[in-house]
Amino acid sequence: MTDSILDAKQLRYDKAYLRMAQTWSELSHCTRKKVGALIVKDGAIISDGYNGTPAGFDNCCETDNNETHWFVLHAEANAILKVAKSTNNSNGATLYLTLSPCKECCKLILQAGISRVVYINHYRDTDGVDFLKSAGIEVVQIPLID
């Protein structure tokens, strides 16, 4: 196959996984932001996650002042932690996100061995994305238009 056919096929899959991450984000109980994540390796979804409170906590993500509780886990952290509890590993995997990762999650992404990050929307702070790029991780934004 030619590169353009392979690129078109990859873009088709990227958009499909991003739509799935978007659907997964709807499971979040957070009101300020709902973020979804999928980790895909060798053509299979090996993990998923969305932002929310740790297991066993009340599902309320925000304070009365509409600030996010410090203990809320980000979608990518939840997905990476789920892989850690499984027999899978994320070396060479692609992480699909509805929102670009923050600085803290970018450290986890790097340590988890994820080699590619694809996201829909930009987070306000781009330091994390810049960090991933400097570490040689491919980072791609693909805005979805519904």
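Everything below is about the structure shown above.
Each chain has its residues counted from 1, running along the sequence as written. With the structure being a predicted model, the display of local features is reserved for residues of pLDDT at least 70 and the display and counting of side-chain atom pairs for 80 or more, all residues being used for whole-chain, interface and lining totals. To obtain the side-chain values, all non-hydrogen atoms of the structure were used and water was disregarded.

A closer look at the environment of Arg12
- Tracing the sequence through the fold places Arg12 in helix α1 (residues 3-25).
- Buried means the residue's accessible area, taken with a 1.4 Å probe over protein chains only, is under 20% of the maximum for its type, while exposed means over 50%, and partly exposed covers the values in between. Take Arg12: its relative accessible area is 55%, and that puts it in the exposed class.
- Sequence separation between Arg12 and Gly49 is 37 residues; the distance between their C-alpha atoms is 22 Å. Helix and strand definitions here come from DSSP, where helices need a minimum of 4 consecutive H or I residues and strands a minimum of 2 consecutive E residues; each element is numbered from the N-terminal end.

Some thoughts on the layout of surface pockets
- Approximately 400 Å³ is the volume found for the largest pocket.
- We place a 1 Å grid over just the protein atoms. Points where a 1.4 Å probe fits but has no way out form a cavity, open points with protein on both sides within 12 Å along at least 5 of 7 lines form a pocket, and any residue with an atom within 4 Å of a point lines it. In terms of lining residues, the largest pocket is bounded by 19 residues, among which Lys33, Asn51, Thr68, His74 and Tyr123 are the most central.
- Residue composition of the lining of the largest pocket, by class: 9 nonpolar, 5 polar and 5 charged.
- Grid points are joined across faces, edges and corners, and a volume is the space filled by probe spheres set on the points. Considered as a void within the structure, the second largest pocket measures approximately 310 Å³ in volume.
- Tyr50, Thr53, Ala55, Leu73 and Asn78 are, among the 16 residues lining the second largest pocket, the residues nearest its centre.
- Mapped by element, the contributors of at least two residues to the lining of the second largest pocket are β2 (44-50) and α2 (75-84).
- In this count, Pro and Cys sit with the nonpolar residues alongside Ala, Val, Leu, Ile, Met, Phe, Trp and Tyr, while Asp, Glu, Lys and Arg are called charged and the others, Gly among them, polar. Grouping the amino acids of the lining of the second largest pocket by side-chain chemistry returns 6 nonpolar, 7 polar and 3 charged.

Quick notes on the environment of Leu11
- Note that Leu11 resides in helix α1.
- Residue class for Leu11 comes out partly exposed when judged on its relative accessible area of 37%.
- In sequence terms Leu11 and Ile142 are 131 residues apart; their C-alpha atoms lie 8.7 Å from each other.

Structural notes on the packing of α2 against helix α3 (residues 103-111)
- Note on geometry: axes are C-alpha line fits, over the in-contact stretch for helices, and angles between N-to-C directions span 0 to 180 degrees. Closest axis-to-axis distance for the α2/α3 pair is 9 Å, and the angle between their directions is 25°. Between α2 and α3, the crossing angle belongs to the class labelled roughly parallel. Crossing handedness for the pair α2 and α3: left-handed. Residues Glu76, Ala77 and Ile80 of α2 form the contact with α3, whose own contacting residues are Cys105, Leu108 and Ile109. When describing relative orientation, an angle under 35 degrees is termed roughly parallel and one over 145 degrees roughly antiparallel, while 65 to 115 degrees is termed roughly perpendicular and anything else oblique. For any helix crossing, the convention is left-handed if the near helix is rotated counterclockwise from the far helix by under a right angle, and right-handed if that rotation is clockwise. We call two residues in contact when some of their heavy atoms are within 4.5 Å.

Details of helix α4 (residues 127-134)
- Among the residues of α4, Gly128, Val129 and Leu132 are the ones counted as buried. When α4 is viewed along its axis, its buried side chains cluster within an angular range of 100° and face the same direction.
- Summarising the contacts, the buried residues of α4 are in contact with α3, β4 (116-121) and β5 (138-141).
- Once α4 finishes, Gly136 follows within two positions and takes phi at roughly 90°, a positive value. Taken from the helix axis, the directions to the C-beta atoms give the arc we talk about.

Here's the deal with unusual backbone geometry
- If you check the backbone angles, Asp42 has positive phi at about 50° while not being a glycine.
- Mapped onto the fold, Asp42 is located in the loop between β1 (36-41) and β2.
- With a relative accessible area of 75%, Asp42 lands in the exposed category.
- Backbone geometry places Asn66, a non-glycine residue, at a positive phi of 65°.
- With respect to the element layout, Asn66 can be found in the loop between β2 and α2.

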